[in-house]
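Spelled out from the first residue to the last, the chains are:
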Amino acid sequence: MSAEAPPRIDLGGGWSDTPPFCLDWGGTVLNIAVELNGACPIRTVMRRIAEPEIRCSARESAETVVYSTAEQVLAPADLGSPFTIPRMALVLAGVVKPGQELRRVLRSRGGGLEISTSVDLPMGSGLGTSSILSATVLRALAAMGGVTIGDAALTDEVSRLEQTMTTGGGWQDQAGGIFPGAKIVTSGPGLRQRLRVEPIRWSPEREREFSQRLVLYNTGIQRMAKNLLRQVVASYLARETETVQALHGIKTLATEMAFAMRDGEWGYLGDLLDRHWRLNQILDPHTTNAPIDNLLARVRPFVCGAKLAGAGGGGYLILLARGPDEAAALRQELGEVESAAIAQQGLRVRARRR
């Protein structure tokens, strides 16, 4: 069984999907599932094996870990390990439970499991890879068990998984890769975040115009914002005026950006991207740094707006060129720029041939 998904780029609204803000006010996020160089770089491959054990491997690690007892799988989450997501997913899916004899349970299910994950993107990319990888693991597990899980339910399950792992976060990353294309995702206030996913209602011509202007560039700067979520949440809970106003402003910008995309108002969309970037810096001054500022100054003649994907500080830079000619000149100026295209399919699962 293979599950693969595109990463997402977040144009607007990021942070408004994160508790407790979204629980109080609801969230609004505008993001796009993208294929990079014609492929979906986030995938999980799962298959039955004869041995009653669980084998996990990850592309970024040279090792394969074998679990033969429930206690091994149920060990506390290690956020630095690429095997934590598969382990916690097995627990969340009910495959592994405390006190059970794992080998006996696996035999009753038809054999052990081999789980291989891969993310063909650099760490700290800002493209939502961890949450989207979790979604591929959970959907592949469900498919292996003959269970159908809908997209909205899968988004919720990833949030539960991240709470189990103590990483927290909101719902926009997994929603960005699970659901295809460019869309605006909203939730109302309340403990249960019911998502409403609305594709951007633009014409094929408008979508083509946007794609011609979109440039996605890997800055090569890795940033792991380990404590950033805690800092922003603490500022919000303390009702610090700048933080509260920035979060509401970011949420509003997502809706305005969606209208600009639909109507092909590219200069205005660029202005909104720049405004969003400034609000991100209010939430976290470390969103930018000298290398990022220098890079933005270098590309400014070619673009009408820009922001870093995700929490910022590094990773991929989202650039909206002034036009197709400027986009071509920008790619030449930057050198190695990956080909990014709007993904017409979101997370998908398929049976692999034996």
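Structure: above.
Please read these numbers as outputs of a predicted model, since none were measured by experiment.

About the cut-offs
- Residues numbered from 1 in each chain as written.
- Predicted model: local features only at pLDDT ≥ 70, side-chain atom pairs only at ≥ 80, totals over all residues.
- Heavy atoms only, no water.
- Helix = DSSP H or I, 4+ residues; strand = E, 2+ residues; numbered from the N terminus.
- Rg over C-alpha atoms; globule rule 2.2 N^0.38 Å.
- Buried < 20%, exposed > 50% of the residue type's maximum accessible area, 1.4 Å probe, protein only.
- Contact = heavy atoms within 4.5 Å.
- Areas by Shrake-Rupley, 256 points an atom, 1.4 Å probe, with all protein chains shown as cover.
- Lys, Arg positive; Asp, Glu negative; His and termini not counted.
- Charge placed at Lys NZ, Arg CZ, Asp CG, Glu CD.
- Axes fitted to C-alpha atoms, helices over the stretch in contact; angles between N-to-C directions.
- Parallel < 35°, antiparallel > 145°, perpendicular 65-115°, else oblique.
- Left-handed = near helix turned anticlockwise from the far one by under 90°.
- Nonpolar A, V, L, I, M, F, W, Y, C, P; charged D, E, K, R; others polar.
- Arc of directions from axis to C-beta.
- Pairing = 2+ DSSP bridges.
- Phe/Tyr/Trp six-rings, centres within 6.5 Å; stacked < 30°, edge-to-face > 60°.
- Salt bridge = Lys/Arg side-chain N within 4 Å of Asp/Glu carboxyl O.

Student: Is there a simple way to explain the overall build of the protein in this structure?
Tutor: Of the regular secondary structure elements, the protein holds 13 helices and 14 strands. Taking 20 Å as the expected radius of gyration for a compact globule of 354 residues, we find that the protein reaches 21 Å, a close match to that expectation. On the principal axes, the C-alpha backbone points of the protein span a range of 65 × 45 × 35 Å. In the protein, which comprises 354 residues, the proportion classed as buried is 54%. For the protein, contacts bridging at least 24 residues in sequence account for 73% of all contacts bridging at least 6. Of the roughly 15,700 Å² of accessible surface on the protein, 49% is carried by carbon and sulfur atoms. Seen as two clouds, the 40 positive and the 37 negative side-chain charges of the protein have centres 7 Å apart.

Student: Would you mind going over the packing of helix α3 (residues 84-92) against helix α6 (residues 151-164) with me for this structure?
Tutor: The packing of two helices is summarised by the inter-axis angle and the distance between the axes. Interhelical geometry of α3 versus α6 gives an angle of 115° and a closest axis separation of 10 Å. Comparing the axis directions of α3 and α6 gives the class roughly perpendicular. When the axes of α3 and α6 are compared, the crossing they make is right-handed. Seen from α3, the contacting residues are I85, M88, A89 and L92; seen from α6, they are E157, R160, L161 and T164. In terms of residue class, the contact of α3 with α6 is built from five nonpolar, one polar and two charged.

Student: Teacher, can you tell me more about helix α9 (residues 228-237) here?
Tutor: Each α-helix winds once per 3.6 residues, and so residues spaced three or four apart point in a common direction. Of all the positions in α9, only L228, V232, S235 and Y236 are classed as buried. One face of α9 carries all of its buried residues, which in axial projection span an arc of 100°. Opposite its buried face, α9 presents the exposed residues R230 and L237, each directed more than 90 degrees away. Of the surrounding elements, those touching the buried residues of α9 are α1 (21-25), α10 (241-263) and α11 (266-283). At the C-terminal side of α9, R239 shows a positive phi close to 55°.

Student: Just checking my understanding: could you explain the sheet that holds strand β1 (residues 2-5) for this structure?
Tutor: Strands pair in a sheet through their backbones, by hydrogen bonds, and they do so in one of two ways: parallel or antiparallel. The strand order across the open sheet built from six strands is β6-β5-β7-β4-β1-β14, with neighbouring strands paired in mixed fashion. Since the sheet does not close on itself, it has two edges, and those belong to β6 (64-67) and β14 (348-350), each with one partner. For this sheet, the mean inter-axis angle between neighbouring strands, taken without regard to orientation, is 15°. Both strand β4 (residues 42-49) and strand β7 (residues 112-119) contribute to a ladder of eight bridges, which runs antiparallel. Bridge pairing links T44 to T117 in β7. Sheet strands touched by α3: β5 (54-58), β6 and β7. Its angle to β7, the strand with the most contacts, is close to 135°. Taken strand by strand, helix α5 (residues 129-144) contacts β1, β4, β7 and β14, and its axis lies near 30° from that of β4.

Student: Can you help me understand the sheet that holds strand β12 (residues 316-321) in this one?
Tutor: The strand order across the open sheet built from three strands is β10-β12-β11, with neighbouring strands paired in antiparallel fashion. Unpaired on one side and paired on the other, β10 (214-218) and β11 (303-308) mark the two borders of the sheet. With strand direction ignored, the average angle separating the axes of adjacent strands in the sheet is 20°. Packing of α11 onto the sheet brings it into contact with β11 and β12, and relative to β11 it is tilted by some 35°.

Student: Help me understand the packing of aromatic side chains in this model?
Tutor: We describe a pair of aromatic rings using the distance from one ring centre to the other and the angle between the two ring planes. Summed over the entire model, instances satisfying the criterion amount to three aromatic pairs. Residues W202 and F210 carry aromatic rings whose centres are separated by 5.7 Å and whose planes lie at 50° to one another, so their mutual orientation is tilted. Considered together, W202 and F210 belong to a single accessibility category, that of buried residues. Relative to W266, the ring of F210 lies with its centre 6.0 Å away and its plane at 40°, an arrangement referred to as tilted. Of this pair, F210 sits in helix α8 (residues 204-213) while W266 sits in helix α11, placing them 56 residues apart in sequence. Classification of W266 by relative accessible area gives buried; the value is 8%.

Student: Looking at this structure, I do not really get the pattern of salt bridges. What am I missing?
Tutor: Here the idea is simple: oppositely charged side chains can pair when their charged atoms come close. Using the criterion set out here, one finds 19 salt bridges in the structure. Residues R8 and D173 are paired through a salt bridge, measuring 2.7 Å at the closest nitrogen-oxygen approach. Linking R8 in strand β2 (residues 8-12) with D173 in helix α7 (residues 172-178), this pair joins segments that are 165 residues apart in sequence. R239 is the partner of D24 in a salt bridge, and the nearest nitrogen-oxygen pair spans 3.7 Å. One end of the pair, D24, is in helix α1; the other, R239, is in the loop between α9 and α10, and 215 residues separate them in sequence. We classify R239 as partly exposed; its relative accessible area is 46%. Linked through salt bridges whose partners overlap, the residues forming this network are R47, E51, E53, R55 and E114.

Student: What is the right way to read the pairing of strand β8 (residues 182-187) from this model?
Tutor: The two faces of the sheet receive side chains in turn, since in a regular strand these alternate between them. Counted residue by residue, β8 has five buried out of six residues, so it is predominantly covered. Pairing geometry for strand β3 (residues 28-36) and β8, over five bridges, is antiparallel. Residue T28 lies in a different strand from β8, and its bridge partner there is T186. Where β8 meets strand β9 (residues 195-199), five bridges bridge the pair, whose relative direction is antiparallel. Bridge pairing links T186 to R196 in β9.

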